[in-house]
Amino acid sequence: MKDLIIIPAKSEKELEEIAVLAESIWHEHFTPIIGENQVNYMVEKFQSLPALKQQTREGYEYFQLRLDGVLAGYTGVHDENGRLFLSKLYLKKEYRGQHLATQAFEFLKNLCRKRGLSSIWLTCNRHNEHTLDVYHHLGLVTTRTEKTDIGNGFFMDDYILEYQIA
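Source: prediction; values computed, not measured.

S.K.: Give a description of helix H1 (residues 12–34) that names residues and reports values.
M.R.: Residue Glu-28 marks the point of greatest curvature in H1, where the axis turns by about 35°; the proline Pro-32 follows within four residues. Of the residues making up H1, those classed as buried are Leu-15, Ile-18, Ala-19, Leu-21, Ala-22, Ile-25, Trp-26, His-29, Phe-30 and Ile-34.

Next up, the structure:
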C-alpha cells in the first residue's frame, strides 16, 4: 500500500486545484448516476471555486490527497454538533482501488479523536452502489434515507451513513 500524504488546502490556488479535480471526477463518476444536467448544476453549486471558498468561510476544511506528489483526490469536512460531517471524499478514477479511501478515512478518524468528536457522518447517493460498498467496508452504517431539494428541479436522493468513533 502506498502512503497517502494529506495536506490542508488553505490557499485559493489549492482550492482551485480541488475545484478543477472535482469537475473532472463528478463528470466521470456521477453522470451515469444522476445525469449531466444535475452534475453540471451540483458542480457549480457545491464544487466550484466560488462554492469551495464560501464553504471555507463557513468553517469547512479541505484536504488534498496526494500520492507521489500528484493530487489523487480530496476531502472536505465540517465539525457539526460534536460530530464530523464528511461532505466530500473523492478520488481520481486511476487511484481508486488502492486503499487510499481507507487511508483518508483513518486520517479523519484520528482528526475526530483529536477534536473529541463522537462520529463521522455523510450522505451518499442511494444509487452510488460501489461507493456505498466502500463506506460499508470501512465500517459506516446506513442510518436513514433522505431526499433533499437542492433547487433548479433537482433532488439529492441519499442514504445517511455514520461511523462511531471508539
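S.K.: Would you mind going over the pattern of salt bridges in detail, with residue names and values included?
M.R.: Side-chain pairs of opposite charge can arise whenever the charged atoms involved come near each other. In this structure the tally under the stated criterion is 9 salt bridges. Asp-79 is the partner of Arg-115 in a salt bridge, and the nearest nitrogen-oxygen pair spans 3.1 Å. With Arg-115 in helix H4 (residues 100–115) and Asp-79 in strand E3 (residues 70–80), the pair connects residues that are 36 residues apart, well separated along the chain. Put simply, Lys-109 and Glu-106 hold a salt bridge, and the shortest N to O gap is 2.7 Å. Separated by 3 residues within a single helix, Lys-109 and Glu-106 lie in helix H4, roughly one turn from each other. Classification of Lys-109 as buried rests on a relative accessible area of 9%.

S.K.: Summarise the nonpolar core; cite the residues concerned and give the values.
M.R.: Within the largest apolar cluster, 30 residues are counted, with the highest numbers of intra-cluster contacts made by Leu-86, Ile-120, Tyr-135 and Leu-140. Breaking this core down by element, the ones donating at least two residues are strand E2 (61–67), E3, strand E4 (83–91), H4, strand E5 (119–125), helix H5 (129–137) and strand E7 (154–164). It is H4 that contributes the most residues to this core, 7 residues altogether. Dropping the residues within four chain positions of it, Leu-86 is found in contact with Thr-75, Gly-76, Val-77, Leu-108, Ile-120, Trp-121, Leu-122 and Tyr-135. The next biggest cluster of nonpolar side chains, apart from the first, holds 25 residues, and it includes Trp-26, Phe-30, Phe-85 and Trp-121.

S.K.: I'd love a proper account of the packing of aromatic side chains, names of residues and values included.
M.R.: In total, this model carries 8 aromatic pairs according to the counting rule given. Each ring, one from Phe-30 and one from Tyr-90, has its centre 6.0 Å from the other, and the planes form 80°; the classification is edge-to-face. Highlighted residues: Phe-30 in helix H1 and Tyr-90 in strand E4, separated in sequence by 60 residues. Look at Tyr-90 and you get buried, because its relative accessible area is 15%. Aromatic pair Phe-105 and Tyr-163: ring centres 5.3 Å apart, planes at 90°, arrangement edge-to-face. Taken together, the residues span a long stretch of sequence, with Phe-105 in helix H4 and Tyr-163 in strand E7 at a distance of 58 residues. Accessibility classification places Phe-105 together with Tyr-163 in one group, the buried group. A network of ring pairs unites the aromatic residues Trp-26, Phe-30, Tyr-74 and Tyr-90 as a single cluster. A cation over a ring is seen here: Arg-126 above Tyr-159, with NZ or CZ 5.7 Å from the ring centre. One residue, Lys-147, lies across the ring of Phe-155, its end atom 5.4 Å from the ring centre.

Reading the values: the criteria
- Residues numbered from 1 in each chain as written.
- Predicted model: local features only at pLDDT ≥ 70, side-chain atom pairs only at ≥ 80, totals over all residues.
- Heavy atoms only, no water.
- Bend = angle between axes of the 7 residues up to and from the residue.
- Helix = DSSP H or I, 4+ residues; strand = E, 2+ residues; numbered from the N terminus.
- Buried < 20%, exposed > 50% of the residue type's maximum accessible area, 1.4 Å probe, protein only.
- Salt bridge = Lys/Arg side-chain N within 4 Å of Asp/Glu carboxyl O.
- Core = buried A, V, L, I, M, F, W, Y, C linked by side-chain atoms within 4.5 Å.
- Contact = heavy atoms within 4.5 Å.
- Phe/Tyr/Trp six-rings, centres within 6.5 Å; stacked < 30°, edge-to-face > 60°.
- Lys NZ or Arg CZ within 6 Å of the ring centre and 35° of its normal.

Scope: geometric values only; no functional claims are made or implied.
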